[in-house]
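Structural features, examined
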Amino acid sequence: MKKKIFNFISIFIPFFLFFLVLEIILRFTSLSPYEVPVYPYDYFEKNEKYGHDIKKNSKKKKFSSSEYNFDIWSNEIGCFDYSIKNIEDGYIYIAGASVSWGFVPLENNFGSILEKKLNKRVLKCGVPGHSSKQKYYKTLNVIKTLKKKPELIIFVYGFPQDLKGDYLFPQYKVENNIFTTNKIISSYETGDVLIIEEKKRTLTKKIKYILSQKSYVFRLSHLLHTNLRKKLRKLRKKNKTEIKKKNDSLLNNIGGAVSLSYFDEKKIRWLQNVWVEHLNTIKNFKEAAEKSGSKLLIIFWDDLPDYTATMLEFGFANNLPFVLDNNKKVLNFLEKENINYLNISQKMFEYVGYTSILDKRNLLKGKLIYNNNNHPNIEGNKFIAEKIIEKLN
């Protein structure tokens, strides 16, 4: 028995030392975190009414990708913000998803810049993955909890995500303290929805999730494995000789990669009622602001050509049921309801010289948004704050 233990230790120790040394070496190399960031373990919590929220009083955690690395946390009301102690009437409340949550250090968030420039408390309560409906419920919940009324509610409306998020409400969930997908559209022809079942291998998933954020060796092996799978998929595609049926299967294959907001409701009939309900949610925001005696400003975050142009062009080339003017449906609705709004994407278009969502010059990448995801970088947050201040003045 002792011999077996000795043999095991003699084999284990060299392997352990090898991986330990490799881990140390990799930390001094240019190996960067994943291009697409992973939200930290135990940062979100389940919410019975609207699916998920940021966990209240969450301690500092690292949030990083290949382009940034900073601390995130949460306060008493589940917002990535400082403490709300001594809050009084007349604050500004920001409701939104990941764009308003930040993707930048808190001091560089456009909400923090507004707070400094306007000399007024700004509650920065964007929650990644929230749709319009969830932003509405979170806003009501915070105002009720604080028992203080905001002077202004800034609702960051995400044209690429909010319609789909409302239809799948809630689109995301917190499972075993991990933020993950709750529902997907299984058929874009019929609007059928598939609920993702809870996975039983909780411990394995937790270990992999934590290792992906903490271990450089795991990150390297995962990146190698991912690249190998991509190459094998390309190889299989080249070897395939059969031709798939176009519109039906093609629509479902790329539907998840294109915003639901681009689908033509005249051809995808189930979307008509979805739009009606979705616009009513925006109207609910207006009524909630009026009830609390607050002004309302909607920041219209449209899609960006840097991440959409190629896929839309492919869709039109294959006669998929896409249209480019659904954003006008929302903007016209806002004007009809006399809701004050700022089309921040249009301002960005004008700033870099875009004339169409189909422009493939990638003019925003590295300037106002990140190179590897479509969220505003530090300069982008400065730009948003400047335009909001101009609008308010």
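Keep in mind that what you see is a predicted model, and the values were worked out from it rather than measured.

1. Comments concerning the packing of helix H9 (residues 271-291) against helix H11 (residues 326-336)
It is at 11 Å that the axes of H9 and H11 come closest, and there the two elements cross at 40°. When the interaxial angle is binned, H9 and H11 end up oblique. Taken as a pair, H9 and H11 cross one another with a handedness that is right-handed. Residues Trp275, Leu279, Ile282 and Lys283 of H9 lie in contact with H11, whose contacting residues are Asn326, Lys329, Val330, Phe333 and Leu334.

2. So, the environment of Cys79
In this structure, Cys79 sits in the loop between strand S4 (69-72) and strand S5 (91-95). On the accessibility criterion, Cys79 (0% relative accessible area) is buried. Taking the C-alpha atoms as reference points, Cys79 and Ile54, separated by 25 residues in sequence, lie 6.5 Å from one another. Those residues in contact with Cys79, other than ones at most four positions away along the chain, are Trp73, Ser74, Lys124, Cys125 and Lys138.

3. Quick look at the confidence of the model for the protein
Regions with low pLDDT should not have their predicted coordinates read in detail. Residues with a pLDDT of 70 or more make up 79% of the protein, whose mean pLDDT is 88. Contacts from residues 240-246, a stretch scored under 50 in pLDDT, to residues over four places away or in other chains number five contacts.

4. Points about the packing of helix H3 (residues 110-118) against helix H13 (residues 378-392)
Geometrically, a packed helix pair is captured by the angle between its two axes and the distance between the axes. The interhelical angle for the contact between H3 and H13, taken along N-to-C directions, is 45°, at an axis separation of 8 Å. Comparing their axes, H13 and H3 come out oblique. Classified by chirality, the crossing of H13 by H3 is right-handed. For the pair H3 and H13, contact is made by Phe110, Ile113, Leu114, Lys117 and Leu118 and by Asn381, Lys382, Ile384, Ala385, Ile388, Ile389 and Leu392, respectively. In terms of residue class, the contact of H3 with H13 is built from nine nonpolar, one polar and two charged.

5. A look at the pattern of salt bridges
Side-chain pairs of opposite charge can arise where the charged atoms are in close proximity. Counted by the stated rule, this structure contains 20 salt bridges. The partner of Glu151 in a salt bridge is Lys120, with the nearest N and O atoms 3.2 Å apart. Note that Glu151 is positioned in strand S7 (residues 150-158) and Lys120 in the loop between H3 and strand S6 (122-124), a separation of 31 residues in sequence. Judged by its relative accessible area of 37%, Glu151 is partly exposed.

6. Here's the deal with the packing of aromatic side chains
When we look at a pair of aromatic rings, we describe it by the centre distance and by the angle of the planes. By the definition in use, this model includes 34 aromatic pairs. Relative to Tyr157, the ring of Phe155 lies with its centre 6.2 Å away and its plane at 90°, an arrangement referred to as edge-to-face. Neither Phe155 nor Tyr157 differs from the other in exposure class; each is buried. The interplanar angle of 65° and the centroid separation of 5.5 Å between the aromatic rings of Phe349 and Tyr354 together place this pair among those described as edge-to-face. In this structure, Phe349 and Tyr354 share a single accessibility class: buried. It is Lys133 that lies over the ring of Phe169; its NZ or CZ is 5.1 Å from the centre.

7. Things to note about the state of the cysteines
Considering all chains together, one arrives at one disulfide under this definition. One disulfide in the model links Cys79 with Cys125; its S-S distance is 2.1 Å. A torsion of 100° about the S-S bond marks the disulfide between Cys79 and Cys125 as right-handed. In this pair, Cys79 is assigned in the loop between S4 and S5 and Cys125 in the loop between S6 and helix H4 (132-146), connecting sequence segments 46 residues apart. An identical accessibility class is assigned to Cys79 and Cys125; each is buried.

8. Notes on the environment of Leu168
Here Leu168 lies in the loop between helix H5 (162-167) and strand S8 (172-175). Those residues in contact with Leu168, other than ones at most four positions away along the chain, are Lys183, Ile184, Ile185 and Val193.

9. Focus on H4
The terminal C-alpha atoms of H4 lie 21 Å apart, and with 15 residues this matches the ideal 21 Å at 1.5 Å per residue to within 8%. Residues Ser132, Lys133, Gln134, Lys135, Tyr136, Lys138, Thr139, Val142, Ile143 and Leu146 constitute the buried set of H4. Looking at the packing, one finds that the buried side of H4 touches strand S2 (51-54), S5, S6, S7, H5 and H9.

10. Topic: a nonpolar patch on the surface
A cluster of nonpolar side chains, Phe316, Leu324 and Leu358, forms an exposed patch at the surface whose accessible area comes to about 200 Å². Mapped onto the elements, Leu324 comes out in the loop between helix H10 (305-317) and H11.

What counts, and at which threshold
- Residues numbered from 1 in each chain as written.
- Predicted model: local features only at pLDDT ≥ 70, side-chain atom pairs only at ≥ 80, totals over all residues.
- Heavy atoms only, no water.
- Axes fitted to C-alpha atoms, helices over the stretch in contact; angles between N-to-C directions.
- Helix = DSSP H or I, 4+ residues; strand = E, 2+ residues; numbered from the N terminus.
- Parallel < 35°, antiparallel > 145°, perpendicular 65-115°, else oblique.
- Left-handed = near helix turned anticlockwise from the far one by under 90°.
- Contact = heavy atoms within 4.5 Å.
- Buried < 20%, exposed > 50% of the residue type's maximum accessible area, 1.4 Å probe, protein only.
- pLDDT = per-residue confidence, 0-100.
- Nonpolar A, V, L, I, M, F, W, Y, C, P; charged D, E, K, R; others polar.
- Salt bridge = Lys/Arg side-chain N within 4 Å of Asp/Glu carboxyl O.
- Phe/Tyr/Trp six-rings, centres within 6.5 Å; stacked < 30°, edge-to-face > 60°.
- Lys NZ or Arg CZ within 6 Å of the ring centre and 35° of its normal.
- Disulfide = S-S within 2.5 Å.
- Expected span 1.5 Å × (residues − 1).
- Patch = residues over 30% accessible without salt bridge, like charges linked within 9 Å, V, L, I, M, F, W, Y side chains within 5 Å.
- Areas by Shrake-Rupley, 256 points an atom, 1.4 Å probe, with all protein chains shown as cover.

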